[in-house]
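What follows is each chain in one-letter form.
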Amino acid sequence: MGYGIIGVSILAVAIIGTFILPFVVKKSDKTGINKFDKFILIIAPMLLFASIIGTIISEDGYWIINEGYIVESNLSATSYYSTSTISEGSKKVKIQLGEAYEGKQLLIKKVKTIGNTEVVVKIVDGGEPQKLPFVEIGIDKIVEPFVVKTTDGEIIESTFNLR
């Protein structure tokens, strides 16, 4: 958001400056400005603005904190997720698969952060045998209703719903 405001401000100053500059130059210099100068005054801020917007759009919106496997226990009979707050208000989501997914690997397919927050995980073969996969991801903000599901459409329940 902050980068967008800075980009729009730079673009506005460049456009306004392009219209005001000929009046200032005519009073102080007889050579004036040429078309190349006007071109640079408009294109340079547009390129900066486009690069800022591109960075904002291409950001995934999540990061992986930890991933791995745990040994099967009585508590891991079903798949679940849990959330907690980490630094500066960001959220940590831990996704743990149950014994039905023993020996599988857990991958984050997509995290939707616009509107309600939705995490889509992909479960593939190739994990460690007799162990259950888990992943912990960080998300800047969670908007309810928060949904964690697999690519097959199976909803993974929260630890609050399992009790």
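Anyway, here's the lowdown on the structure attached to this text.

Reading guide: rules and limits
Residues numbered from 1 in each chain as written. Predicted model: local features only at pLDDT ≥ 70, side-chain atom pairs only at ≥ 80, totals over all residues. Heavy atoms only, no water. Helix = DSSP H or I, 4+ residues; strand = E, 2+ residues; numbered from the N terminus. Buried < 20%, exposed > 50% of the residue type's maximum accessible area, 1.4 Å probe, protein only. Contact = heavy atoms within 4.5 Å. Pairing = 2+ DSSP bridges. Axes fitted to C-alpha atoms, helices over the stretch in contact; angles between N-to-C directions. Salt bridge = Lys/Arg side-chain N within 4 Å of Asp/Glu carboxyl O.

Let us look at the overall build of the protein. Looking only at helices and strands, one finds 3 helices and 8 strands in the protein. Helices and strands in the protein line up, N terminus first, as α-α-β-β-β-β-β-β-β-β-α. The proportion of buried residues among the 163 residues of the protein is 28%. Considering only contacts within the protein whose residues lie at least 6 apart along the sequence, 68% involve residues at least 24 apart.

Sheets are built from strands paired through backbone hydrogen bonds, the pairs being either parallel or antiparallel. The 4 strands lie next to each other as β1-β6-β3-β2, forming an open sheet whose pairing is antiparallel. Pairing within the sheet leaves two strands with one partner each, and these edge strands are β1 (62-71) and β2 (80-85). The sheet shows a mean angle of 15 degrees between the axes of neighbouring strands, direction not considered.

Before going further, it helps to spend a moment on unusual backbone geometry. With an omega of 0 degrees, the peptide bond between E144 and P145 qualifies as cis. Topologically, P145 is positioned in the loop between β6 (131-139) and β7 (147-150). The phi angle at Q130 is positive, at roughly 60 degrees, despite the residue not being glycine. Here Q130 shows up in the loop between β5 (118-125) and β6.

A few words now on the environment of M46. Along the chain, the position of M46 falls in helix α2 (residues 35-58). M46 gets classed as partly exposed once you look at its relative accessible area, which sits at 40%. M46 sits 31 residues away from I15 along the chain, and the two C-alpha atoms are 9.8 Å apart.

Another aspect to go through is the pairing of strand β3 (residues 91-96). Of the strand pairs in this sheet, β2 and β3 are connected by 6 bridges, and their pairing is antiparallel. Of the residues in β3, the one forming a bridge with S84 is K92. Counted between consecutive antiparallel strands, the loop separating β2 from β3 contains 5 residues, among which E88 sits at a positive phi close to 55 degrees.

Right, let's talk about the pattern of salt bridges for a bit. Evaluation of the coordinates by the stated rule reveals 4 salt bridges. Between D125 and K104 there is a salt bridge whose closest N-O contact spans 2.5 Å. With D125 in strand β5 and K104 in strand β4 (residues 104-112), this residue pair connects regions lying 21 residues apart in the sequence. On the basis of relative accessible area, K104 is assigned to the partly exposed category, the value being 26%.

Let us now look at the pairing of β4. Where β4 lies against β5, 8 bridges are found, and the strand directions are antiparallel. Note on β5: the bridge partner recorded for K104 is D125. Hairpin connection of β4 to β5: 5 residues between the antiparallel strands, including G115 at a positive phi of 80 degrees.

As a further point, take the sheet that holds β5. Pairing in this open sheet of 4 strands is mixed, and the strands run β4-β5-β7-β8 from one edge to the other. On the outer flanks of this sheet lie β4 and β8 (155-156), each paired with one strand and no other. The sheet contact formed by β5 and β7 spans 4 bridges and is parallel. Bridging across to β7, V120 finds its partner in K149.

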